[in-house]
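Topology and contacts: notes
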Amino acid sequence: MLIAPSVLASDFSKLGSEIERISACGADWIHLDGMDGRFVPNLTFGAPVIAAVRKCTDKPFDVHLMIEEPLRYVPDFLKAGADIISFHIESKSDPAETIAAIRRGGAKAAIAVKPGTPAEAVFPYLEDLYMVLVMTVEPGFGGQSFMEDMMDKVRALRARRPGLLVQVDGGIQEKTVRVAARAGVGVCVAGTSVFRAKDAGAAIAALKKAAEEAAPEGEETPC
Ligand code: DX5
Ligand code: ZN
């Protein structure tokens, strides 16, 4: 299981050193949540902030766009150093065009789905995606509870495209990472449980251990 700590739960007054700290203690990817106050009722940061902290780590930047018009801003996020860009299927941008723009820019494309959106909405795009992000909370805020019933969506996606890399985001801690691993999830985003832990390295290690113990046999960790 890969762990992608979400900087939403970090101390924004020292974002650069927070990213350095989490990179040094076992984070696989750095998850950065861009929110526009329209697609979700919260505002965070955009490409200039991501560009500024790009130099703080060599870890892949996993950018989760919770914005109404992702296609319009894809060039900015590519330039800022995003390695993986997830945009919402519920946004106003055309999914095929947005995937193409991300891939043309050399990044990996992923589609994110809100809890109320069925897996089938993503089926037409599965062949062109690096990953699907299944939200396990309503997007917008950290610290919410994991929606276990979303695991049916994970299974449906992986049944449709065997081996598909699925990420979950929201409410991940030791208990819920096990549930995710059993359903075939390959990447877990974790905000509160990692950044607010006394020892972030121990928290990441505990998540990985719990996932490993629970994962179905034969599952391989993606690289
Ligand atoms: C929520 C964000 C998440 C958030 C997760 O909309 O997409 O990445 O930071 O936070 P936790 O892990 O605290 O649920
Ligand atoms: Zn996120």
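Rules of the game
- Within any chain, residue numbers begin from 1 and follow the written order of that chain's sequence.
- Chain letters and ligand numbers both follow the written order, the letters beginning at A and the numbers at 1.
- Given that this is a predicted model, residues contribute local features only at a pLDDT of at least 70 and side-chain atom pairs are listed and counted only at 80 or more, while totals for whole chains, interfaces and linings are drawn from all residues.
- The side-chain values count all of the structure's non-hydrogen atoms but skip hydrogen atoms and water molecules.
- Here a helix means four or more residues in a row that DSSP labels H or I, a strand means two or more in a row labelled E, and each is numbered from the N terminus.
- Working definition: with a 1.4 Å probe on protein chains only, accessible area under 20% of the residue-type maximum means buried, over 50% means exposed, and in between means partly exposed.
- Here a residue-residue contact requires only that any non-hydrogen atoms of the pair lie within 4.5 Å.
- Methods summary: accessible areas were calculated by the Shrake-Rupley approach with a probe of 1.4 Å, and residue burial reflects only the protein chains presented.
- When DSSP finds at least two bridges between two strands, those strands are taken to pair.
- Lines fitted to C-alpha atoms define the axes here, with helix axes fitted over just the stretch in contact, and angles between the N-to-C directions of these axes take values from 0 to 180 degrees.
- Aromatic pairing here means that ring centres of Phe, Tyr or Trp (its six-membered ring) are within 6.5 Å. Orientation follows from the plane angle: under 30 degrees is stacked, over 60 is edge-to-face, and everything else is tilted.
- Any Lys NZ or Arg CZ that is within 6 Å of a ring centre and within 35 degrees of that ring's normal is treated as a charge sitting over the ring.
- Here, the term disulfide refers to a pair of cysteine sulfur atoms separated by no more than 2.5 Å.
- A donor here means an N, O or S atom no more than 2.8 Å from the metal, or no more than 3.2 Å when the metal is Na, K or Ca. Since water is not included, a site may seem to lack partners.
- Residues are classed as near a molecule or strand on a simple rule: at least one heavy atom within 4 Å of it.
- Pairs of N or O atoms within 3.5 Å make up the polar contacts considered here, provided that, within protein, one atom can donate a hydrogen while the other can accept it, and that residues adjacent in sequence are counted only when both atoms are side-chain atoms.
- Three classes are used: nonpolar for Ala, Val, Leu, Ile, Met, Phe, Trp, Tyr, Cys and Pro, charged for Asp, Glu, Lys and Arg, and polar for all others, with Gly counted as polar.
- The handedness rule is simple: strands pointing away from the viewer, and a clockwise path from the first strand over the helix to the second, make the crossover right-handed.

Moving on: the overall build of the chain. When helices and strands are counted, the chain shows eight helices and eight strands. The burial tally for the chain puts 55% of its 223 residues in the buried class. In the chain, the proportion of contacts linking residues at least 24 apart, taken out of those at least 6 apart, comes to 66%. When the accessible surface of the chain is split by element, carbon and sulfur atoms take 49% of a total near 9,900 Å².

Within a beta sheet, neighbouring strands are joined by backbone hydrogen bonds and run either parallel or antiparallel to one another. Taking strand neighbours across the sheet as the criterion, the eight strands line up as β1-β8-β7-β6-β5-β4-β3-β2 in an open arrangement whose pairing is parallel. The open sheet is flanked by β1 (2–5) and β2 (30–35), the only strands paired with a single partner. Adjacent strand axes in the sheet meet at a mean angle of 25 degrees when their direction is disregarded. Across five bridges, strand β4 (residues 84–88) lies against strand β5 (residues 108–113) in parallel orientation. Along β5, the bridge assignment pairs H88 with A112. Sheet strands in contact with helix α8 (residues 200–214) are β1 and β8 (187–190), and its direction is about 145 degrees off that of β1.

Attention now moves to the packing of aromatic side chains. Scanning the model with the defined rule gives two aromatic pairs in all. When the centroid spacing of 6.0 Å and the interplanar angle of 70 degrees are considered together, the rings of F12 and F45 count as edge-to-face. On the criterion of sequence distance, the pair formed by F12 in the loop between β1 and α1 (15–23) and F45 in the loop between β2 and α2 (47–53) is long-range, its members being 33 residues apart. Over the aromatic face of F61 sits the side chain of R54, whose NZ or CZ is 3.8 Å from the ring centroid. Seen from the ring of F39, K114 lies directly overhead, with NZ or CZ sitting 5.1 Å from the centre.

A few words now on the state of the cysteines. This structure, assessed with the given rule, holds zero disulfides. The thiol sulfur of C188 is not disulfide-bonded, and the nearest other cysteine sulfur, from C25, lies at 17 Å.

Attention now goes to the coordination of the zinc ion (ligand 2). Protein-derived coordination of the zinc ion (ligand 2) comes from H31 (NE2), D33 (OD), H64 (ND1) and D169 (OD), at a distance range of 2.1 to 2.3 Å. Mapped onto the sequence, the donors of the zinc ion (ligand 2) take the spacing H-x1-D-x30-H-x104-D. In this pair, D33 sits in strand β2 while H64 sits in strand β3 (residues 61–66), placing the two residues 31 residues apart along the sequence.

This brings us to the site of ligand 1. Taken together, 19 residues surround ligand 1, and among them S6, G140, D169, G191 and T192 come closest. Within the side chain of H31, a nitrogen or oxygen atom sits 3.4 Å from an oxygen atom of ligand 1. Look at ligand 1: alone it shows 380 Å² of surface, and the protein chains cover 98% of it. If you list the elements that add at least two residues to the shell around ligand 1, you get β2, β3 and β8. Along the lines of polarity and charge, the residues of the shell around ligand 1 split into seven nonpolar, ten polar and two charged.

Position of D152 relative to the elements: it lies in helix α5 (residues 151–160). A relative accessible area of 54% means that D152 is categorised as exposed. Between the C-alpha atom of D152 and that of A183, which follows or precedes it by 31 residues, the distance is 7.9 Å.

We now examine the pairing of β4. With five of its five residues buried, β4 lies for the most part within the structure. Neither face of β4 is open: one carries I84, S86 and H88, the other I85 and F87, and all of them are buried. In this structure, β3 lies alongside β4, joined through four bridges in parallel fashion. Bridge assignment links D62 to a residue of β4, and that residue is I84. Where the polypeptide runs from β3 across helix α3 (residues 70–80) and back to β4, its parallel neighbour, the crossover connection is right-handed.

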